[in-house]
Amino acid sequence: MSGTSQTGAPRVAIAVIGLGGISQSVHLPLIRRNRDLVELTAVVDLSAGRAAEFAREAGEGVQGFSSLDALLAARDAGDVRVDGAVLATSGSHAGDVGRLLDAGIRVLAEKPLAFSLGEIEELEASAARRGADLAAELRVGYMKEYDPATRAAADLLAGVELRAVTVEVLHPADGAQLAFARLAPPPTDIPGDVASELADRTAAIVERAIGAAPDPLPKLYTNVVLGSVIHDIALLRRLVGGIGTVERAQQWGGFPGSLSLGGRLAAHADVPWSIDWHFIPDYPEYRETVTFHHATGTVSLRFAVPYVLNAPTVLTVAERAEPLGSRRSETEWMQEEAFEHELRSFAALVAGHPGAPGSASSAAEAADDLRVGQRMLRRLADSMGAPIAAESEAATDRESPPTHP
């Protein structure tokens with residue numbers, strides 16, 4: 001691979017860290033498709049065999065590493081060029097984000113950025129010590145905010161009188177969503193002590209956030225609220241100013257089962273929001289519908305399976321047609337891909353062109369989303385008769401009381 005684009009400008013050198021389903025189905029194919037801007041120089045995975053295999057398949061000039069330590073050591077020695085990293089490992093990403101940023105590598109971190117607010121505070125403190133602007137170094141991977149349908153919806157919703165916001169997610173098993181990708185088989189060479197240390201570290205972070213909560217609350221927090229619902233939390237923040245209060249929460253149907261959540265919006269204190277999330281393993285395909293009812297019509301977004309590239313989101317607009325009719329229109333962008341817009345925006349950030357402030361989610365906004373996720377978990381815990389420990393982050397009520405009667 002050469003180090004310049006078709007226009008003669010230097011391509012940014014990218015490492016992909018974590019070679020699971022999202023990297024195999026989305027990140028690696030899009031890096032190849034956008035070789036005019038980015039050059040894959042390294043892949044990292046806890047499985048040394050998988051890292052070596054993927055590096056070999058990626059072609060000449062791509063190196064494989066089995067740890068972040070090894071990648072950073074090779075970069076420090078001048079053996080590999082890395083300008084930016086796509087961080088797609090499992091669990092909380094904040095610790096590895098901090099190490100990459102301290103090494104001068106800008107980061108696109110998959111959600112969630114962190115499991116605890118303390119982790120984000122540590123990132124902010126580290127940036128302050130370096131005299132760095134964290135928003136110019138880090139992007140949080142909420143791909144839906146890059147979707148052209150989302151951006152069109154934002155324009156349509158500007159200034160309307162909202163009446164209600166509803167979200168419905170029907171979530172099949174991941175295997176059904178990813179069968180098309182022909183993923184590599186699960187690795188068998190990850191050292192047991194490495195996996196155990198990672199699990200212990202994750203458990204400690206989760207306990208810091210929600211206390212020593214009984215099952216299934218820790219898994220609901222990490223796998224469902226911060227693993228899936230966080231996308232909708234971020235989307236409502238981007239489109240209507242975010243979730244304010246969380247007034248009800250219920251979970252049923254085993255684990256992960258179904259969640260029903262509701263409350264009032266932050267910027268529209270009288271307007272209710274609701275999220276109904278259902279894990280249905282044998283449902284035929286993923287479906288996510290976000291609907292905004294307002295005083296003169298409805299704006300709706302229907303998202304497709306996130307792992308399938310160029311499966312467009314459908315934007316539906318219902319409005320009045322004078323004098324006595326109604327008009328309904330559907331728009332989709334077949335040749336635009338949300339993850340691709342995200343990658344190209346990140347490439348610009350790595351090249352030193354961060355774009356307009358607020359054009360992509362920052363660590364500060366990820367912290368806002370995490371606070372909402374903790375409110376949800378607290379309400380779920382209350383509904384199960386297992387209140388969150390008083391010393392935990394999630395026990396602190398950071399939400400304003402609702403203004404409705």
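The name an unreviewed UniProt entry assigns to the protein chain is Gfo/Idh/MocA family oxidoreductase, from the organism Agromyces larvae.

Peer 1: So what's going on with the overall build of the protein chain? Which residues, and what values?
Peer 2: In terms of regular secondary structure, the protein chain is built from 11 helices and 14 strands. In terms of C-alpha radius of gyration, the protein chain reaches 21 Å, essentially the compact-globule figure of 22 Å for 405 residues. In terms of principal-axis extent, the alpha carbons of the protein chain reach across some 65 × 50 × 45 Å. Evaluated residue by residue, the protein chain yields a buried proportion of 50% over its 405 residues. Sequence separation of 24 or more characterises 67% of the internal contacts of the protein chain that already satisfy a separation of 6 or more. For the protein chain, the accessible area works out to roughly 17600 Å², and carbon and sulfur atoms hold 51% of it.

Peer 1: So, the UniProt feature "domain: Gfo/Idh/MocA-like oxidoreductase N-terminal" (unreviewed entry) in the protein chain: which residues are in play, and what are the values?
Peer 2: Within the UniProt annotation, "domain: Gfo/Idh/MocA-like oxidoreductase N-terminal" (unreviewed entry) is assigned to residues 13–133. The annotated region residues 13–133 carries 46% helix and 20% strand content, and the separation between its end C-alpha atoms amounts to 21 Å.

Peer 1: I'd like a description of the pairing of strand β1 (residues 12–17), backed by residues and values.
Peer 2: One face of the sheet, then the other: side chains in a regular strand alternate in exactly this way. Extensive coverage of β1 is indicated by the burial of six of its six residues. Here β1 runs beside strand β2 (residues 38–44); their pairing, made up of six bridges, is parallel. When the sheet's bridge partners are listed, I17 is paired in β2 with V44. Across four bridges, the pairing between β1 and strand β4 (residues 84–87) is parallel. Its bridge partner lying in β4, I14 is registered against G84.

Peer 1: Give a description of the nonpolar core that names residues and reports values.
Peer 2: Core analysis: the biggest nonpolar cluster contains 118 residues, and L71, L113, F292 and M376 have the highest contact counts within it. For this core, the element with the most residues is helix α9 (residues 217–240), which contributes 14 residues.

Peer 1: Go over the sheet that holds strand β9 (residues 258–265) with me, naming the residues and quoting the values.
Peer 2: Within the open sheet, the eight strands sit side by side as β8-β9-β10-β7-β11-β12-β13-β14. Their pairing is mixed. Only two strands of the sheet have a single neighbouring strand rather than two, namely β8 (243–252) and β14 (325–332). In this sheet, neighbouring strand axes are inclined to one another by 15° on average, regardless of whether the strands run parallel or antiparallel. Pairing analysis gives seven bridges linking strand β7 (residues 162–171) to strand β10 (residues 272–279), with the strands arranged parallel. Bridging from a neighbouring strand, H171 pairs with F279 of β10.

Peer 1: Help me get a handle on the packing of aromatic side chains, residues and values and all.
Peer 2: For any pair of aromatic rings, the description rests on two quantities: the centre-to-centre distance and the angle between the ring planes. In total, this model carries zero aromatic pairs according to the counting rule given. Just above the ring of F303 sits the side chain of K144; from NZ or CZ to the centre is 5.3 Å.

Peer 1: A description of the confidence of the model for the protein chain should follow, citing residues and the corresponding values.
Peer 2: Overall, the prediction assigns the protein chain a mean pLDDT of 94, with 96% of residues at 70 or greater. The low-confidence segment residues 400–405, where pLDDT is below 50, has 11 contacts with residues more than four positions distant or belonging to other chains.

Peer 1: How would you summarise empty space enclosed by the protein if you had to cite specific residues and measurements?
Peer 2: Following the criterion strictly, the structure yields five cavities of 30 Å³ or more and no others. Roughly 190 Å³ of internal volume is contained in the largest cavity. Forming the boundary of the largest cavity are 17 residues, of which D147, A311, T313, E337 and A338 lie nearest the centre. Considering only residue class, the lining of the largest cavity consists of 12 nonpolar, one polar and four charged.

Peer 1: Any details on the environment of A266? Residues and values, ideally.
Peer 2: Along the chain, the position of A266 falls in the loop between β9 and β10. Separated by 24 residues in the primary sequence, A266 and G242 place their C-alpha atoms 5.6 Å from one another. In contact with A266, not counting residues within four places along its chain, are G241, G242, I243 and G244.

Peer 1: A description of the packing of α9 against helix α11 (residues 363–383) should follow, citing residues and the corresponding values.
Peer 2: Geometrically, a packed helix pair is captured by the angle between its two axes and the distance between the axes. Interaxial distance between α9 and α11 falls to 9 Å at its minimum, and their mutual angle equals 130°. Taken together, α9 and α11 sit at an angle that is classed as oblique. Where α9 crosses over α11, the handedness of that crossing is right-handed. In contact with L217, Y221, V225, L226, V229, I230, I233, A234, R237 and R238 of α9, α11 contributes E365, D369, L370, V372, G373, Q374, M376, L377, L380 and A381. Counted by class, the contact of α9 with α11 contains 14 nonpolar, two polar and four charged residues.

Peer 1: Which residues make up the environment of V107, and what are the values?
Peer 2: Structurally, V107 is set in strand β5 (residues 106–110). In this structure the C-alpha to C-alpha distance between V107 and G64, which are 43 residues apart in sequence, comes to 18 Å.

Peer 1: Outline helix α2 (residues 48–58), listing residues and values.
Peer 2: Listed in full, the buried residues belonging to α2 are R50, A51, F54 and A55. Viewed end-on, α2 has its buried residues packed into an arc of 130°, placing them on one side of the element. Facing away from the buried side of α2 by more than 90 degrees, the exposed set consists of R56 and E57. Summarising the contacts, the buried residues of α2 are in contact with α1 (21–33), β2 and β3 (63–65). At the exit of α2 stands G59, carrying a positive phi of roughly 110°.

What counts and what doesn't
Residues numbered from 1 in each chain as written. Predicted model: local features only at pLDDT ≥ 70, side-chain atom pairs only at ≥ 80, totals over all residues. Heavy atoms only, no water. Helix = DSSP H or I, 4+ residues; strand = E, 2+ residues; numbered from the N terminus. Rg over C-alpha atoms; globule rule 2.2 N^0.38 Å. Buried < 20%, exposed > 50% of the residue type's maximum accessible area, 1.4 Å probe, protein only. Contact = heavy atoms within 4.5 Å. Areas by Shrake-Rupley, 256 points an atom, 1.4 Å probe, with all protein chains shown as cover. UniProt positions renumbered as here; feature names shortened; annotations may be inferred. Pairing = 2+ DSSP bridges. Core = buried A, V, L, I, M, F, W, Y, C linked by side-chain atoms within 4.5 Å. Axes fitted to C-alpha atoms, helices over the stretch in contact; angles between N-to-C directions. Phe/Tyr/Trp six-rings, centres within 6.5 Å; stacked < 30°, edge-to-face > 60°. Lys NZ or Arg CZ within 6 Å of the ring centre and 35° of its normal. pLDDT = per-residue confidence, 0-100. 1 Å grid on protein atoms, 1.4 Å probe; cavity = no way out; pocket = protein on both sides within 12 Å on 5 of 7 lines; lining within 4 Å. Points joined across faces, edges and corners; volume = space filled by probe spheres on them. Nonpolar A, V, L, I, M, F, W, Y, C, P; charged D, E, K, R; others polar. Parallel < 35°, antiparallel > 145°, perpendicular 65-115°, else oblique. Left-handed = near helix turned anticlockwise from the far one by under 90°. Arc of directions from axis to C-beta.

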